[in-house]
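Listed below, chain by chain, are the residues.
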Amino acid sequence: MTDPLTSVDSTTVSHVIALCAAAADAPALTACLSAWTGSITAAVVVVVRAQGDHAAVAAILARLDPALTAEAVDGAAAAPGRIYLCPAQSTVRVVAGRLRLSRRDREIVGDPHIDVALSLLAEDQGTGAIAVLFAGAVSDAFGGTYAVKEVGGMVMVQDENAKSAGARSEVALLADYVLPAKSLLMELQGYVEHHRRMRKARKVAPEVDDDGVERVVSIIGSHTGVDFRDYQKTTLLRRIQRRMSVHRAASMVAYIDLLQQSPHEVIVLYREMLIGVTRFFRDEHAFVALRARVIPQLLARAGAQEPIRVWVAGCATGEEAYSIAMSIQDGLEDLGTHAEIKVFATDLDREAVEFASAGVYPASVVADIPPHLLERFFTRTGDSGYQIAKHIREMLVFAPHNILKDPPFYKIDLVTCRNLLIYLQPALQRKVLSSFHFALKSEGFLMLGMSESLGDLASYFSAVEGKWRLYQKTPGLRAPPPSDELFHEVHRFRPSPQRPGHPTAAAAAGDSLQEVINQSLLREFLPAFLVNEPCEVLHESLRLLSLVAECMTSIAMVTGADGSIRYVNRRFVEISGWSADEVIGGNPRLLKSPDADPRQAAELWAAITTGNRWQGRFVNRTKSGATFCEDAVIIPVLGRDGMVANYLKLSQVVPGP
Ligand SMILES: C[S@@+](CC[C@H](N)C(=O)[O-])C[C@H]1O[C@@H](n2cnc3c(N)ncnc32)[C@H](O)[C@@H]1O
């Protein structure tokens, strides 16, 4: 009897590999393909970087066994183990087991051919998509790599030297493998076979992995503090299965063992969970509608006092946030007026946010940007990429933020949250939408992704352009409040003190606490001194100021960027009754009185997480439960990397409440 999991139908293609290369990759291609025997259930399509690369790549394929290669012909059945070269000036895809060719009449500026081919591959093959990128193709594969990874496909990058710049590129960091050419084939065969068997097993017994997913999610939660329990299980499973195939884990149990032993793998999987495809002006018509129907209303409202405040939640690598900022600037220039614009762009993925804040993108993005905006708002960088113009970058503040846990921003004119809700289960979607309703000003606007909807919060918004998912908050209606659990959830998972793989956290941890206090006090009270005096004087002042912190009659508290207490001074201990040891590592919420204003925390976080100071009155309680009031100022302190690393709170006890 044939084992249904191991049997191979010799005519069925289980995966499609897009092998992407340039003429300069000839030696590496030869090293990889010389051992090609065709014993794999995947079909291979060869995608060349530019039309000029075609002849060199064709010459290499011509040296292989003719039974294993062919020129792609429209309508021909794709056979496993066969390598198809796409004719020059064409794009090839595999649809329902057949090759489909379309003509590519021109080279587009920046030549995004590889990006296009990979995006189609992702669309057609889903988890069966594999991108093999030779070194010469990597720079054109930015968007395509995201597309393949998002659907649960696999990406391999050829690099002979694991420490080279190529191996550290954004694309290589996303890849499942970075390997020298001679090792690619063996790993490819192993991956395809393992992944094919796993997909088949899942078809035979679909429910078996659900417990496993929950265990994996709990491991990720305890390492990162991020709770994926209410994300869509199918997406999580797809990403877990890809990592299982990379490690050839025989079962979910084996993979869980691996996770328990390898914090590195936990972080890789965590990042995989967050990978999301994005692009400038994604769903172009939705942006046209935003520009025509929403932006004029925002600009008409803009007052001299208040900036227009936009929140782009789940901004990934920044393309959506910059698209919004450019659209608003375009509107302003049309009107010939000026208004202050603030775009808060947030995402859970710190690395994505750091990438976004540089505003530098590969040349292939130009295909997504309307030419009149490209010309005005981008400059070319030396290495054939593009950078967003400074005056647009200055409108944006990028920050890490978890929409499920961190307080929402406040007094927002436009919230955009596109293609994030689809990853969440309906109950969580509702909570997030409710927090957006709370974040918006009366009659503020909301923009969602094309496959997302308001669900049962529909009555709290009216449609501006329903087709393009543009809504406006209905005045006078209060949506069900986002529960306490959403805003202030005591972390169900204990985050590790320093997140591996997070350079920002590491840099912040490098700043000594005393230095943080000193710098903030100095900036606070002696700004002129900082700018004018020579270094020796500065250091002496810092030493003196560190003594001040302990002696002063104000209460001083320093927290990390995550809000956990790192330092309290002697005055804090006197007033609160808590000892330093009891509170360090805890959360300032332990001081919160039941009489405190529940909206205050949201307003406070909206200010300080975007680098602004906050000033106000707290109603607190001591360890013994007595109420006391303090007038406080909270100052965000930037780390050496320019990100908020700590918060300093200085306060005075005042009579009240
Ligand atoms: C598919 S991308 C969408 C990017 C962009 N909004 C767009 O539509 O082009 C989804 C993004 O949501 C982010 N994300 C997932 N869960 C999140 C959470 N709880 N809080 C904030 N961002 C989250 C991911 O890191 C990822 O960057």
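Everything numeric in this text was worked out from a predicted model, so none of it was measured.

Attention now goes to the overall build of the chain. Broken down by element type, the chain carries 24 helices and 24 strands. Relative to its full complement of 657 residues, the chain shows a buried share of 54%. Pairs at least 24 residues apart make up 69% of the contacts formed inside the chain by residues separated by at least 6 positions. Here the chain displays about 28200 Å² of accessible surface, and carbon together with sulfur accounts for 55% of that area.

L118, L133, F280 and L396 are the most contacted members of the largest nonpolar core, which has 85 residues in total. Top contributing element to this core by residue count: helix 11 (residues 284–301), with eight residues.

When we look at burial in helix 9 (residues 252–261), the residues that qualify are M252, Y255, I256 and L259. Axial view of helix 9: buried residues confined to an arc of 100 degrees, hence all on one face. Those residues of helix 9 that are exposed and angled more than 90 degrees off the buried face are V253, Q260 and Q261. The secondary structure elements touched by the buried residues of helix 9 are helix 7 (210–224), helix 8 (233–246) and helix 10 (263–274).

Before going further, it helps to spend a moment on the confidence of the model for the chain. In this model, the chain carries a mean pLDDT of 82, and residues with pLDDT of at least 70 account for 82%. Ignoring residues within four places in sequence, the model shows residues 107–111, a span with pLDDT below 50, making ten contacts including any to other chains. The low-confidence segment residues 522–544, where pLDDT is below 50, has 19 contacts with residues more than four positions distant or belonging to other chains.

Under the defined criterion, the tally for this structure stands at 32 salt bridges. Of the charged contacts in the structure, one is a salt bridge between R291 and D334, with a shortest N-O distance of 2.8 Å. Of this pair, R291 sits in helix 11 while D334 sits in helix 12 (residues 319–335); the two residues are 43 residues apart in sequence, bridging distant segments of the chain. Residues joined by salt bridges that share partners form a network here, namely K149, D176, R242, R243, E265 and E272.

This part covers helix 12. The terminal C-alpha atoms of helix 12 lie 24 Å apart, and with 17 residues this matches the ideal 24 Å at 1.5 Å per residue to within 8%. Counting buried positions along helix 12 gives 14 out of 17 residues, so the element sits mostly inside the fold. The positive-phi residue at the C-terminal boundary of helix 12 is G336, with phi of around 70 degrees.

A word on the site of the ligand. Around the ligand, 21 residues are found, and the nearest of them are Y231, T278, E320, D347 and N419. The separation between an oxygen atom of the ligand and a polar main-chain atom of L274 is 3.4 Å. Burial of the ligand by the protein amounts to 98% of the accessible area it has alone, namely 600 Å². Class assignment for the residues of the shell around the ligand results in nine nonpolar, six polar and six charged.

On to the sheet that holds strand 1 (residues 15–21), then. Read across the sheet, seven strands follow the order 3-4-2-1-7-8-9 without closing on themselves; strand pairing throughout is parallel. Pairing within the sheet leaves two strands with one partner each, and these edge strands are strand 3 (69–71) and strand 9 (177–179). Pairwise comparison of adjacent strand axes, ignoring direction, gives a mean angle of 20 degrees for this sheet. Here strand 1 runs beside strand 2 (residues 42–48); their pairing, made up of seven bridges, is parallel. Note that in strand 2 the partner of H15 across the bridge is A42. Most of the contacts of helix 4 (residues 142–150) go to strand 8 (residues 154–158), to which it runs at about 140 degrees, and overall it touches strand 7 (129–133) and strand 8.

Here we come to the sheet that holds strand 13 (residues 378–380). Taking strand neighbours across the sheet as the criterion, the three strands line up as 12-14-13 in an open arrangement whose pairing is antiparallel. This sheet does not close on itself; its edge strands, each paired only once, are strand 12 (360–362) and strand 13. When strand polarity is set aside, the average angle formed by the axes of neighbouring strands in this sheet is 30 degrees. Inspection of the sheet shows strand 12 paired to strand 14 (residues 385–388) by three bridges, in the antiparallel sense. Within strand 14, the residue paired with V360 across the bridge is Q387.

What follows concerns the pairing of strand 8. Judged by how many residues are buried, strand 8 sits mostly within the fold: five of five residues are covered. What you see with strand 8 is no split at all: M154, M156 and Q158 on one side and V155 and V157 on the other are buried throughout. Pairing between strand 7 and strand 8: four bridges, direction parallel. Looking at strand 8, one finds that L133 is bridged to V157.

Attention now moves to the packing of aromatic side chains. Applying the stated criterion across every chain yields a total of 16 aromatic pairs. With 5.7 Å between their ring centres and 75 degrees between their planes, F280 and F378 make a pair best called edge-to-face. One end of the pair, F280, is in the loop between helix 10 and helix 11; the other, F378, is in strand 13, with 98 residues separating them in the sequence. F280 gets classed as buried once you look at its relative accessible area, which sits at 1%. Here F378 falls in the buried class, since its relative accessible area comes to 7%.

Further remarks concern the side chain of D349. Structurally, the position occupied by D349 is in the loop between strand 11 (341–347) and helix 13 (350–358). A distance of 3.1 Å separates a polar atom in the side chain of D349 from the backbone nitrogen of E351. Setting aside residues up to four positions removed in sequence, D349 forms contacts with R271 and L274.

About the criteria used
- Residues numbered from 1 in each chain as written.
- Predicted model: local features only at pLDDT ≥ 70, side-chain atom pairs only at ≥ 80, totals over all residues.
- Heavy atoms only, no water.
- Helix = DSSP H or I, 4+ residues; strand = E, 2+ residues; numbered from the N terminus.
- Buried < 20%, exposed > 50% of the residue type's maximum accessible area, 1.4 Å probe, protein only.
- Contact = heavy atoms within 4.5 Å.
- Areas by Shrake-Rupley, 256 points an atom, 1.4 Å probe, with all protein chains shown as cover.
- Core = buried A, V, L, I, M, F, W, Y, C linked by side-chain atoms within 4.5 Å.
- Arc of directions from axis to C-beta.
- pLDDT = per-residue confidence, 0-100.
- Salt bridge = Lys/Arg side-chain N within 4 Å of Asp/Glu carboxyl O.
- Expected span 1.5 Å × (residues − 1).
- Near = heavy atom within 4 Å.
- Polar contact = N/O pair within 3.5 Å; in protein donor to acceptor, adjacent residues only side chain to side chain.
- Nonpolar A, V, L, I, M, F, W, Y, C, P; charged D, E, K, R; others polar.
- Pairing = 2+ DSSP bridges.
- Axes fitted to C-alpha atoms, helices over the stretch in contact; angles between N-to-C directions.
- Phe/Tyr/Trp six-rings, centres within 6.5 Å; stacked < 30°, edge-to-face > 60°.

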